[in-house]
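Fold and contact review
One-letter residues, chain by chain:
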Amino acid sequence: MRRIAWRAGELLGVLFIVSFGVFMLVTLMPGDPAVAILGEGHPPAEYEALRHELGLNDPLLIRYWDWLSSAATGDLGRSLVPPQSDVSDRILGALPVSVQLAVMGLLIALVLAVPLAMWSAAHAGGAVDRMISAGMFATLSVPSFLAGLLLIMIFANGLGWFPRAQWVRIGEDPVGNLHHALLPAIVIALMELALFTRILRNDLIVTLKEDYILAARAKGMPPWRILVTDALRPSSFSLVTLMGISLGRLVGSTVIVEYLFALPGMGSMIVTASGQGDFPLVQGAVLVIALVYVVVNAGIDLSYGYLDPRTRRVHA
Amino acid sequence: MGHEECQAVNILEVNDLHTVFTTPRGVMRAVDGVALSLRAGETLGIVGESGSGKSVLGRTITGLIADNATTSVSGSVRIGGHDIHALTQKARRRLWGPEVAMVFQDPMTSLNPVKRVSTHLTEALRLHLGLGRKDAYERAIDLLRQVFIPDPTRRMTQYPHELSGGMRQRVVIAMALACDPKLLIADEPTTALDVTVQRQILDLLAALASERNMATILISHDLGAVEGRTDRVAVMYGGRIVETSDTARVFANPVHPYAEALLASIPRIGDAPHTVLRAIEGAPPNMLTLPTGCSFAPRCRFATDRCHEEQPELRELADKGTTHVGACHFPLLPVHQEVS
């Protein structure tokens, strides 16, 4: 319990630093928000008045404090670009899309990577192992826009199995939502699959050399059972760590996939907002992504205790 | 099947066993023509220096080391009448537990860190004996009691890292005994343990073996561990057995110069103070480039040209009519004992 409280404190510290970094970076972004709002060709006094109204003339630290204190209450300000909606609302609309894509993509990658890696590791150096790793490097070297376009051509346009360029919210139609999300999730999965398989395979090969694997074999345990019950868990540290990092990263960076499939996710939202100089939206979105990142990785840290009992605190 | 088992008086019969590894650096004859047999309840010690092939022999006997791309096994191993190396993988696995079991050297690494003690014990019981979850659990607690682990119910829920080295080795032994094997191969079972715990573990193994009338092979480089706890002993050098007989006979009257030198290198409590401990000069042979003749010849005080050229075969050397055999052209006579 104390450990979790300690972690929560750490988390807050990290978030504080991140928020400062985000604020500073966005402040350094080129472009004048007043121009972004009013458009060009107005008298300088009008711009100046608007800047004053937005609080842009206040000292930096004061502005940071204002932003942070309202962010803490969930108010991330208003978007500068019409329709000038609430930043929090915009993020709440885009975040579920991105999280769903990332989670589905990772799950698909995981479901494929685990058996592939186990097969590879069990027959390391064999023909199948070499084929799998060649295949993995092939998927790794195909850019995601190309893979995405191919999948759209084949499965959406050609075979008509999947709709394209639409998004159905999960609240409206769960089945339709999955149907729409599957193809983009596969594109994301392909990007992660090679790395997952490779990392797990290599860790498994190391684990399979352990004495306890030999001891399990000497008990007459079948090879597949040894792989699943003896080798997989001690081998999954790197994979779990990598998945945590991937999840945090994917939430904000599936821009290409979002554009390809016309999905209203975080990535495309941030790119558009940056282009328009909509700094409150960028600030808010980046802060939320940082929050997701930090929380996910804290969860990953806690999961090590499950993966390896030795890392748990000893209790009398 | 029944007929075959009736005929097999010996639990274990090993004939002309060779284990050859093809490594990038050359061909390694880790086990080079070993024959031995073991009856129910009998204990055989296999001693030798590191790299003499004793562990590989143990693993080849169980079939953990078997023919594959880089390993070639020839000769035969029969355990309870089953020709281990003629069986399929699957059939062999069915023998691992009920017929033959192994205790490994380092209990720190031979237990899975992420599995509870209970899982280590119950999984084999459920697999081989088809016990239900609850029966297997009861049986596992009983096994922990048999290896004298205090508070077994609590130990069951613990992870290996929560146990001491001696306790872990007891768990490893309980694991090996789970399915009542007829043959137990203990590969350096005490090497990784504290000296004070070594004796306890060895005595425990000996007690369990006699209680269950189980044939036991005790592999060790520690002659003290073997003396007094085994019926017979086989001394290995360069992948071969160079001398074997009743333990007492070998210890009292070694005929092979290597065995003699090995025995002379144990410090004895009865030795006079400041007695110089006799070590064996030179290093164990490089298994990749074994000499043509006797592999001990380069380190042997008595070696002649013949020793360097001609490989000695195992033959009766000492007292005629006993099972005391050695592989030496110029065996030590009992006289040597008295002189030294």
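Residues numbered from 1 in each chain as written. Chains lettered and ligands numbered in written order. Predicted model: local features only at pLDDT ≥ 70, side-chain atom pairs only at ≥ 80, totals over all residues. Heavy atoms only, no water.

1. Let's talk about the overall build of chain B
- Broken down by element type, chain B carries 13 helices and twelve strands.
- In terms of overall dimensions, chain B is globule-like: its C-alpha atoms have a radius of gyration of 21 Å, near the 20 Å expected for 340 residues.
- Each principal axis of the C-alpha distribution contributes one length, and for chain B these read about 65 × 50 × 45 Å.
- Put simply, 63% of the contacts in chain B that link residues at least 6 apart link residues at least 24 apart.
- Here chain B displays about 15300 Å² of accessible surface, and carbon together with sulfur accounts for 52% of that area.
- The positive charge centre, built from 35 side chains, and the negative charge centre, built from 38, are 7 Å apart in chain B. (Helix = DSSP H or I, 4+ residues; strand = E, 2+ residues; numbered from the N terminus. Rg over C-alpha atoms; globule rule 2.2 N^0.38 Å. Contact = heavy atoms within 4.5 Å. Areas by Shrake-Rupley, 256 points an atom, 1.4 Å probe, with all protein chains shown as cover. Lys, Arg positive; Asp, Glu negative; His and termini not counted. Charge placed at Lys NZ, Arg CZ, Asp CG, Glu CD.)

2. Re the overall build of chain A
- Scanning chain A for helices and strands turns up 14 helices and zero strands.
- Helices and strands in chain A line up, N terminus first, as α-α-α-α-α-α-α-α-α-α-α-α-α-α.
- Each of the three principal axes of chain A carries a C-alpha extent, and together these read 85 × 60 × 35 Å.
- Among the 316 residues that make up chain A, the fraction classed as buried is 44%.
- Considering only intrachain contacts with a sequence separation of at least 6, the fraction spanning at least 24 residues in chain A is 72%.
- Only carbon and sulfur atoms are counted for the fraction: they give 71% of the accessible area of chain A, which is about 16100 Å².
- In chain A, 21 side chains carry a positive charge and 23 a negative one; their mean positions are 16 Å apart. (Buried < 20%, exposed > 50% of the residue type's maximum accessible area, 1.4 Å probe, protein only.)

3. So, the packing of aromatic side chains
- If you walk through the whole model with that rule in mind, you get ten aromatic pairs over all chains.
- A ring pair is formed by Phe23 of chain A and Trp67 of chain A, whose centres lie 5.5 Å apart and whose planes are at 35°; its orientation type is tilted. In this pair, Phe23 of chain A is assigned in helix H1 (residues 2-27) and Trp67 of chain A in helix H4 (residues 60-72), connecting sequence segments 44 residues apart.
- Trp67 of chain A gets classed as buried once you look at its relative accessible area, which sits at 9%.
- On the numbers, 5.1 Å between centres and 80° between planes, the contact of Tyr237 of chain B with Phe296 of chain B is edge-to-face. Pair noted here: Tyr237 of chain B is in strand E9 (residues 232-237) and Phe296 of chain B is in the loop between helix H11 (257-264) and helix H12 (305-309), with a separation of 59 residues, a long-range link.
- A residue is classified by how much of its surface remains accessible, and Tyr237 of chain B, at 0% relative accessible area, is buried.
- For Phe296 of chain B, a relative accessible area of 3% puts it in the buried group.
- What links up through ring pairs into an aromatic cluster is the set Phe16, Phe20, Phe23, Tyr64 and Trp67 of chain A.
- If you follow Arg233 of chain A out to its NZ or CZ, it ends over the ring of Tyr306 of chain A, 4.6 Å from the centre. (Phe/Tyr/Trp six-rings, centres within 6.5 Å; stacked < 30°, edge-to-face > 60°. Lys NZ or Arg CZ within 6 Å of the ring centre and 35° of its normal.)

4. What about a nonpolar patch on the surface?
All names here are of chain A.
- On the surface, a nonpolar cluster with roughly 920 Å² of combined accessible area is contributed by Val142, Phe145, Leu146, Leu149, Leu150, Met153, Ile154, Leu159, Trp161 and Ile256.
- Ranked by residue count, the leading element in the nonpolar patch is helix H7 (residues 144-158), at six residues.
- Along the chain, Ile154 falls in helix H7. (Patch = residues over 30% accessible without salt bridge, like charges linked within 9 Å, V, L, I, M, F, W, Y side chains within 5 Å. Salt bridge = Lys/Arg side-chain N within 4 Å of Asp/Glu carboxyl O.)

5. So, the interface of chain B and chain A
- Counting from both sides, the interface comprises 22 residues of chain B and, opposite them, 21 residues of chain A.
- Roughly 2200 Å² of surface becomes buried between chain B and chain A when both sides are summed, with 60% attributable to carbon and sulfur atoms.
- Where chain B touches chain A, the interface holds three salt bridges.
- With a closest N to O distance of 2.6 Å, Asp230 of chain A and Lys115 of chain B form a salt bridge.
- In terms of residue count, the dominant contributor to the side of chain B that touches chain A is helix H4 (residues 117-129) of chain B (five residues).
- Its residues placed into classes, the side of chain B that touches chain A shows eleven nonpolar, seven polar and four charged. (Buried area = accessible area lost by both parts, 1.4 Å probe. Nonpolar A, V, L, I, M, F, W, Y, C, P; charged D, E, K, R; others polar.)

6. Some points on the nonpolar core
- With 175 residues, the main nonpolar core has Leu12, Leu36, Ile61, Leu183 and Ile217 of chain B as its most contacted residues.
- By residue number, the principal contributor to this core is helix H5 (residues 87-122) of chain A, which donates 15 residues.
- Residues contacting Ile217 of chain B, with those up to four places away along its chain left out, are Leu12, Leu38, Leu44, Ile46, Ile61, Leu183, Leu184, Ile185 and Ala186 of chain B. (Core = buried A, V, L, I, M, F, W, Y, C linked by side-chain atoms within 4.5 Å.)

7. As for the domain arrangement of chain A
- Each assigned domain of chain A is listed with its residue range as follows: domain 1 (2-72) and domain 2 (91-275).
- Of note, the centres of domain 1 of chain A and domain 2 of chain A, computed from C-alpha atoms alone, are 36 Å apart. (Domains from an automatic or database assignment.)

8. As for the domain arrangement of chain B
Residues and elements named next belong to chain B.
- By domain assignment, chain B separates into domain 1 (1-41 + 55-230) and domain 2 (235-268 + 275-340).
- Listed as interface residues are 18 residues of domain 1 and, on the opposing side, twelve residues of domain 2.
- Taken together, both faces of the contact between domain 1 and domain 2 bury some 1200 Å²; the carbon and sulfur share is 66%.
- Taken together, domain 1 and domain 2 are joined by one salt bridge.
- Asp32 is paired through a salt bridge with Arg240; the nearest N and O atoms lie 3.6 Å apart.
- Residue assignment for the side of domain 1 that touches domain 2 shows that the elements contributing at least two residues are strand E2 (26-38) and helix H9 (223-226).

9. Quick look at the sheet that holds E2 of chain B
All names here are of chain B.
- Taken in spatial order, the four strands make up an open sheet running E2-E1-E4-E5, and their pairing is antiparallel. Lying at the two open borders of the sheet, with one neighbouring strand each, are E2 and strand E5 (82-83).
- Relative to E2, strand E1 (residues 12-23) is paired through ten bridges, and the arrangement is antiparallel. Note that in E2 the partner of Glu13 across the bridge is Ser37.
- Strands E1, E2 and strand E4 (71-79) of the sheet are contacted by helix H2 (residues 54-62), whose axis makes an angle of about 115° with E1. (Pairing = 2+ DSSP bridges. Axes fitted to C-alpha atoms, helices over the stretch in contact; angles between N-to-C directions.)

10. Quick look at the sheet that holds strand E6 (residues 100-103) of chain B
Residue and element names in this part refer to chain B.
- Within the open sheet, the eight strands sit side by side as E6-E7-E8-E3-E9-E10-E12-E11. Their pairing is mixed. This sheet does not close on itself; its edge strands, each paired only once, are E6 and strand E11 (315-316).
- When strand E7 (residues 183-187) meets strand E8 (residues 215-220), the two strands line up parallel, connected through five bridges. Across the sheet, residue Leu184 finds its bridge partner in E8, namely Thr216.
- Strands in contact with H2 are strand E3 (43-47), E6, E7, E8 and E9; relative to E7, the strand with the most contacts, it is inclined by about 155°.

11. Observations concerning unusual backbone geometry
- Of note in this structure, Asp16 of chain B is not a glycine but carries a positive phi near 45°.
- On the secondary structure map, Asp16 of chain B appears in strand E1.

12. A look at the pattern of salt bridges
Residue and element names in this part refer to chain B.
- The final tally for this structure, using the stated rule, is 21 salt bridges over all chains.
- Across the pair Asp203 and Arg229 runs a salt bridge, and its minimum N-O distance is 2.9 Å. Taken together, the residues Asp203 in helix H8 (residues 195-212) and Arg229 in the loop between H9 and E9 connect sequence positions 26 residues apart.

13. Section: the packing of helix H9 (residues 211-218) of chain A against helix H10 (residues 223-231) of chain A
Residues and elements named next belong to chain A.
- Between H9 and H10, the least distance of the axes is 11 Å, while the angle of their chain directions is 135°. Here H9 lies oblique to H10, going by the angle between them. In the crossing of H9 with H10, the sense of the turn from one axis to the other is right-handed. Contact residues: H9 offers Tyr212, Ile213, Ala216 and Arg217, while H10 offers Ile226, Asp230 and Ala231. (Parallel < 35°, antiparallel > 145°, perpendicular 65-115°, else oblique. Left-handed = near helix turned anticlockwise from the far one by under 90°.)

14. Examining the confidence of the model for chain A
- Per-residue confidence for chain A gives a mean pLDDT of 84; residues scoring 70 or more make up 97%.
- Confidence scores differ between elements of chain A, with helix H2 (residues 33-38) of chain A showing the lowest mean pLDDT of 74 and H9 of chain A the highest of 93. (pLDDT = per-residue confidence, 0-100.)

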